[in-house]
Amino acid sequence: ADCNAFFVSCERIFRSDLENKAVVVLSNNDGCAISRSNEAKKLDITMGEPFYQFAYLERAGAVTVFSSNYKLYGDMSRRVQQVLRSAVPALEVYSIDESFMDLGGMEGMDFDVWAKHLSAECRRQTGIPVSVGVAPTKTLAKIASKLCKQYPRLRGGCYMYRKADILRVLANFPVDDVWGIGRRYTRRFNAYGIRTALDFYNAEE
């Protein structure tokens, strides 16, 4: 379960007028962008970009910028975790905006319907949009949650389990977006012709 643009979503709870508007939350001392709405991303504001480089957009009224409020974010994180914990046998909190859920003992359930329902419950009870991905491994579950963010028609939940579907997704998933693969590995993999998650999956050990 991954909260969408979590810090931005927290700020929007108290500023409903900013829904569907470009919003950025800055790091400590307002140094750089650490959370961006989809609308801000479309303005080519990148993660970690220094504020002074896009301050002109704020002055023009094209983006709303917030200083970080970690007390608020911590409180909202605990509320989301409470909703998640009530729905599963076990919860592993990975970060302030992301958790892994153990679905052991829940076999036979329609996990696609379940994931969509849990996403809707998080939004209803906390106001935070949450993408819920269900898959056989943690890495695939993270990829499934990313699909929810890319495709609104999934309605916040994605159950990815058929091998043919998984391979089709991996074929279009950049290797640098795979959990645990950073810039250094990406450069090395690209040199070997490994550019997608499927290339990585098919590569000799």
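Above this text sits the structure in question.
Just so it is clear, the model here is predicted, and its values are computed rather than measured.

1. Some points on helix 5 (residues 111-126)
With 16 residues, helix 5 extends 22 Å from end C-alpha to end C-alpha; this agrees with the ideal 22 Å at 1.5 Å per step. Within the span of helix 5, buried status applies to Phe-111, Trp-114, Ala-115, Lys-116, Leu-118, Ser-119, Glu-121, Cys-122 and Thr-126. In this structure, the buried residues of helix 5 make contact with helix 1 (6-13), helix 4 (70-85), strand 6 (98-102), strand 7 (130-134) and strand 8 (157-159). Capping the start of helix 5 is the job of one residue whose side-chain oxygen sits 3.2 Å from the backbone nitrogen of Asp-112: Asp-110. Residue Gly-127 follows helix 5 closely and has a positive phi angle near 85 degrees.

2. Quick notes on the environment of Ala-55
When you line up the elements, Ala-55 lands in helix 3 (residues 51-59). Classification of Ala-55 as buried rests on a relative accessible area of 10%. For the pair Ala-55 and Pro-174, spaced 119 residues apart in sequence, the C-alpha separation works out to 31 Å.

3. As for the side chain of Asp-2
Inspection of the secondary structure puts Asp-2 in strand 1 (residues 2-3). Residue Asp-2 is classed as buried on the basis of its relative accessible area of 10%. Residue contacts for Asp-2: discarding those within four places in its chain leaves Asp-97, Glu-98, Pro-129, Val-130, Ser-131, Ser-145 and Lys-149.

4. A few points about unusual backbone geometry
At Asp-30, a residue that is not glycine, the phi angle is positive and equals roughly 55 degrees. If you trace the backbone, Asp-30 turns up in the loop between strand 2 (23-26) and strand 3 (33-36). The phi dihedral of Arg-155 falls on the positive side, at around 55 degrees, and the residue is not glycine. Within the secondary structure, Arg-155 sits in the loop between helix 6 (138-150) and strand 8.

Parameters at a glance
- Residues numbered from 1 in each chain as written.
- Predicted model: local features only at pLDDT ≥ 70, side-chain atom pairs only at ≥ 80, totals over all residues.
- Heavy atoms only, no water.
- Helix = DSSP H or I, 4+ residues; strand = E, 2+ residues; numbered from the N terminus.
- Expected span 1.5 Å × (residues − 1).
- Buried < 20%, exposed > 50% of the residue type's maximum accessible area, 1.4 Å probe, protein only.
- Contact = heavy atoms within 4.5 Å.
- Polar contact = N/O pair within 3.5 Å; in protein donor to acceptor, adjacent residues only side chain to side chain.

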